[in-house]
Amino acid sequence: MSATYETRGPVAVITLNNPPVNGLGLSTRKGITEGIERASNDPAVKAIVITGAGKAFSGGADIREFGSPLASASPDLLSVIAAVEGSDKPVVAAIHSVVMGGGLELALGCHYRVAAAGTQVALPEVKLGLLPGAGGTQRLPRVLGLETALNLIVTGDTAKSEQLAAQPGQKLFDKLVDGDVLDAAIAFASDVADRRPLPRVRDLKVSHPEPDAYLQFARNTVGAMSKNFPAPLQCVEAVAAAVNKPFDAGMKVEGEIFAALMQTPESRAQRHMFFAERAASKIPDVPADTPVRAIAKVGVIGAGTMGGGIAMNFLNAGIPVIILETKQEALDRGLATVRKNYEAQVKKGKLAQDKLDQRLALLTSTLAYDDLKDVDLVIEAVFEDINVKETVFKALDEVCKPGAILASNTSTLDVDKIAAFTKRPQDVVGMHFFSPANVMKLLEVVRGAKTAKDVLATVMALGKKIRKTCVVSGVCDGFIGNRMIEQYSRQAGFLLDEGASPQQVDKAIEKFGFAMGPFRMGDLAGNDIGWYIRKRRYIEQPDMRYSKTADLLCELGRFGQKTSAGWYDYVPGKRDANPSPVVAEMLEKHRAALGITPRRISDEEIVQRLVYALVNEGAKIVEEGIASKASDIDMVYLTGYGFPLHRGGPMCYADTQGLFNVVASMKKFAKNPADDAAFWQPAPLLAKLAAEGKTFS
Ligand code: T1G
């Protein structure tokens with residue numbers, strides 16, 4: 001049973017024990033109801049305490065049960081909470097560390113709540129595309145008031161127990177303690193053992209001077225913020241029921257909404273992402289208990305945009321950084337940029353001045369490699385040229401202490417070649433940050449053939465510490481993300497050849513949910529970047545056909561916003577992308593030269609060709625072992641390439657469309673003479689899964 005029972009004098013103690021976070025799985029739920037019954041039948045027991053073993057009171061419903069019969073197997077969470085609330089002896093929750101989701105709802109069913117200071121409190125269900133489905137939307141407003149409760153439910157944000165306990169009039173916590181919460185709760189239980197009637201949250205009223213006006217304000221603001229996600233607005237409706245209906249009627253509303261949200265594709269996508277994010281931190285052949293190396297000091301080579309951004313990640317995590325440049329003015333410029341970035345955050349109120357000072361105090365700089373002899377990790381972020389990398393890594397190999405990890409931020413070069421420049425290839429790894437490096441969550445951890453397992457384990461743990469989503473990639477051209485975006489970009493070019501305009505392609509994929517289509521993105525990042533890469537690829541991979549449109553654009557010097565002209569025209573100083581007659585004419589001439597009669601292309605075809613290009617290349621990446629699982633592909637695209645969160649990533653989206661249908665569309669594209677038939681041959685993994693009626697997940 002994942003809950004233990006013991007008595008301490010006249011107090012029964014039920015301890016949830018379902019590692020890692022006491023998820024309220026069936027076995028734990030049974031342990032609670034059996035404990036309540038046992039205590040009720042024992043005349044020596046006067047009161048009951050419920051607490052959690054290990055690092056949480058409870059992290060909520062056991063989401064590993066979602067989608068399985070276990071989730072609603074009896075006793076379900078609602079009946080467990082009813083049993084607690086209906087107990088004829090007082091039940092006191094002894095809360096510590098983490099109380100979230102169903103865990104908080106369980107605590108709200110108790111008659112009293114004693115919490116340790118520092119406890120993380122949240123109803124994060126909305127982040128899973130759901131809402132608290134075991135009374136949270138009805139009980140939390142009754143103990144915290146309408147506004148605080150609604151904010152917590154709609155955002156899924158975490159608050160600290162002491163912050164909530166300090167709120168005037170709150171009834172969430174009866175007592176806040178600094179020491180051992182169990183002893184305090186047991187003592188509290190003894191004090192209230194004979195107190196009657198037992199206080200039930202359901203008997204309280206939601207307090208607010210103008211509830212309807214506030215709810216209407218909430219509907220307007222939440223509706224505007226959550227256009228692709230149904231759950232937040234539904235949270236408002238459930239909480240409105242807590243204000244306007246009797247408790248049981250409100251519970252009925254909550255239950256209906258919960259059941260409906262559970263079926264939405266958005267919730268399936270968000271639950272998929274929750275697991276995908278945690279699965280990404282698991283490397284199949286690197287045991288979870290692999291010892292990690294201590295990283296007390298980090299070196300960064302290169303104080304450019306990437307180097308400065310990379311350094312900020314470590315400063316933000318309180319890790320000292322020494323940044324190296326070859327010239328003083330480059331160093332000064334880089335340090336000034338870091339300071340400017342922090343000052344901008346202070347100006348926006350996102351960072352306190354003393355935090356800025358603390359972080360900058362951790363930053364030192366040098367022109368001498370010799371000053372790197374004590375770093376535990378060094379990350380190179382210099383120019384993307386293999387000869388420059390060779391010089392840098394040879395110098396690092398000379399200077400850095402044994403056991404120091406040597407990482408490259410390269411986005412296109414071969415990490416194995418870089419490792420071979422050193423006498424310690426086992427300590428070499430790729431750490432591919434995405435610009436802006438201090439903002440983008442994705443970190444591709446590129447595993448060389450010789451990279452040691454403890455180096456990988458160290459970098460993955462460090463990545464979590466600097467709040468990155470780390471995904472391990474093998475060595476190939478473009479690793480995971482850039483290799484896939486290459487096919488996406490090729491399809492975008494072919495669509496122009498065949499008759500689509502840049503704005504039509506962008507609008508179609510932005511309607512699908514991408515923040516920016518490929519052409520607006522090109523104009524933002526600079527079309528010359530792709531031009532440089534294509535020139536290299538024309539030599540290295542002559543059989544990889546590209547539309548010439550992007551080269552024609554660059555030959556006109558239309559690199560994008562930075563030249564006030566790209567795929568779109570720009571008014572200097574403004575970022576609005578205006579359709580360009582010059583580009584339209586260029587495309588017309590280009591199609592004529594190819595002998596292509598432009599055709600009307602549907603938005604659906606545009607979206608399918610762009611997204612299925614990602615899916616097909618992603619499937620190849622998985623079967624080649626470059627990525628260890630399809631959900632890693634999704635994490636890369638969700639956190640590094642703006643794939644719409646409510647779609648769950650390219651592979652998850654393909655699953656929702658049905659792989660059989662994806663393959664059927666690809667076969668259609670392969671018949672298009674202006675397209676690339678060879679590319680549209682379904683990857684063997686995709687063809688196999690489709691034929692077997694299976695999914696990537
Ligand atoms: N159920 C099962 N496993 C869970 C879990 C949960 N609720 N929460 C976390 N885990 C696993 C996680 O997969 C990982 O597993 C390990 O715990 C450590 O997680 C009716 C229906 C609690 C703050 O959404 O926010 O209640 O990879 O790496 O950084 O209204 O986990 O080690 O095998 O994140 O210390 C609502 C989600 C559920 C809480 C801990 N609850 N979890 O953070 O560790 S829906 C949540 C978190 C619900 C009711 C509804 C965090 C954490 P593994 P971790 P962490």
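Each remark here, short or long, concerns the structure printed above.
This structure is a prediction, so every number in the text was calculated from the model and none was measured.

A look at the overall build of the protein
Part 1 of the reasoning: In terms of regular secondary structure, the protein is built from 28 helices and 19 strands.
Part 2 of the reasoning: Taken over C-alpha atoms, the radius of gyration comes to 29 Å for the protein, in line with the 26 Å a tight globule of 697 residues would show.
Part 3 of the reasoning: Across its three principal directions, the C-alpha atoms of the protein cover 90 × 60 × 50 Å.
Part 4 of the reasoning: Taken over 697 residues, the protein has a buried fraction of 54%.
Part 5 of the reasoning: For the protein, contacts bridging at least 24 residues in sequence account for 73% of all contacts bridging at least 6.
Part 6 of the reasoning: Accessible surface, the protein: about 29,400 Å² in total, of which carbon and sulfur atoms supply 56%.
Part 7 of the reasoning: With 82 positive and 80 negative side-chain charges, the protein shows a spacing of 1 Å between the two charge centroids.

Concerning the site of the ligand
Part 1 of the reasoning: Around the ligand there are 26 residues in total, and A61, G102, E105, E125 and K282 lie nearest to it.
Part 2 of the reasoning: Within the side chain of K464, a nitrogen or oxygen atom sits 3.2 Å from an oxygen atom of the ligand.
Part 3 of the reasoning: The protein chains hide 79% of the 1,000 Å² of surface that the ligand would expose on its own.
Part 4 of the reasoning: Put simply, the parts of the chain that give the shell around the ligand at least two residues each are helix 3 (102–109) and helix 11 (265–279).
Part 5 of the reasoning: Here the shell around the ligand is composed, by residue class, of 13 nonpolar, five polar and eight charged.

Thoughts on the side chain of N409
Part 1 of the reasoning: Note on placement: N409 falls in the loop between strand 14 (405–408) and helix 16 (415–419).
Part 2 of the reasoning: Look past the residues within four positions of N409 in its chain and what remains in contact with it is M306, I310, I379, E380, A381, M431, H432 and F433.

As for a positive patch on the surface
Part 1 of the reasoning: Taken together, K55, R278, K282 and K464 make up a surface patch of like positive charges.
Part 2 of the reasoning: The topology assignment puts R278 in helix 11.

Observations concerning the sheet that holds strand 16 (residues 442–446)
Part 1 of the reasoning: Taken together, the eight strands give an open sheet; going across it, the order is 12-11-10-13-14-15-16-17, and neighbouring strands pair in mixed fashion. Either end of the sheet is taken by a strand with one partner, and the two such strands are strand 12 (363–366) and strand 17 (469–473). Within the sheet, the average angular offset between the axes of one strand and its neighbour, ignoring direction, is 25°.
Part 2 of the reasoning: Of the strand pairs in this sheet, strand 16 and strand 17 are connected by five bridges, and their pairing is parallel. In the strand pairing of strand 17, L442 is matched with T469.
Part 3 of the reasoning: Against the sheet, helix 12 (residues 305–316) contacts strand 10 (298–301), strand 11 (321–324), strand 12, strand 13 (377–380) and strand 15 (428–433), and its axis sits at roughly 170° relative to strand 11.

Notes on the packing of helix 18 (residues 481–498) against helix 24 (residues 603–623)
Part 1 of the reasoning: Direction vectors running N to C along helix 18 and helix 24 enclose 150°, while the axes themselves pass 8 Å from each other. The orientation of helix 18 relative to helix 24 falls into the category roughly antiparallel. The handedness of the crossing between helix 18 and helix 24 is right-handed. Contact with helix 18, carried on its side by R483, M484, I485, Q487, Y488, Q491, A492, F494, L495 and E498, involves E605, I606, R609, L610, A613, L614, E617, G618, K620 and I621 of helix 24 and no other residues of that element.

Rules used throughout
Residues numbered from 1 in each chain as written. Predicted model: local features only at pLDDT ≥ 70, side-chain atom pairs only at ≥ 80, totals over all residues. Heavy atoms only, no water. Helix = DSSP H or I, 4+ residues; strand = E, 2+ residues; numbered from the N terminus. Rg over C-alpha atoms; globule rule 2.2 N^0.38 Å. Buried < 20%, exposed > 50% of the residue type's maximum accessible area, 1.4 Å probe, protein only. Contact = heavy atoms within 4.5 Å. Areas by Shrake-Rupley, 256 points an atom, 1.4 Å probe, with all protein chains shown as cover. Lys, Arg positive; Asp, Glu negative; His and termini not counted. Charge placed at Lys NZ, Arg CZ, Asp CG, Glu CD. Near = heavy atom within 4 Å. Polar contact = N/O pair within 3.5 Å; in protein donor to acceptor, adjacent residues only side chain to side chain. Nonpolar A, V, L, I, M, F, W, Y, C, P; charged D, E, K, R; others polar. Patch = residues over 30% accessible without salt bridge, like charges linked within 9 Å, V, L, I, M, F, W, Y side chains within 5 Å. Salt bridge = Lys/Arg side-chain N within 4 Å of Asp/Glu carboxyl O. Pairing = 2+ DSSP bridges. Axes fitted to C-alpha atoms, helices over the stretch in contact; angles between N-to-C directions. Parallel < 35°, antiparallel > 145°, perpendicular 65-115°, else oblique. Left-handed = near helix turned anticlockwise from the far one by under 90°.

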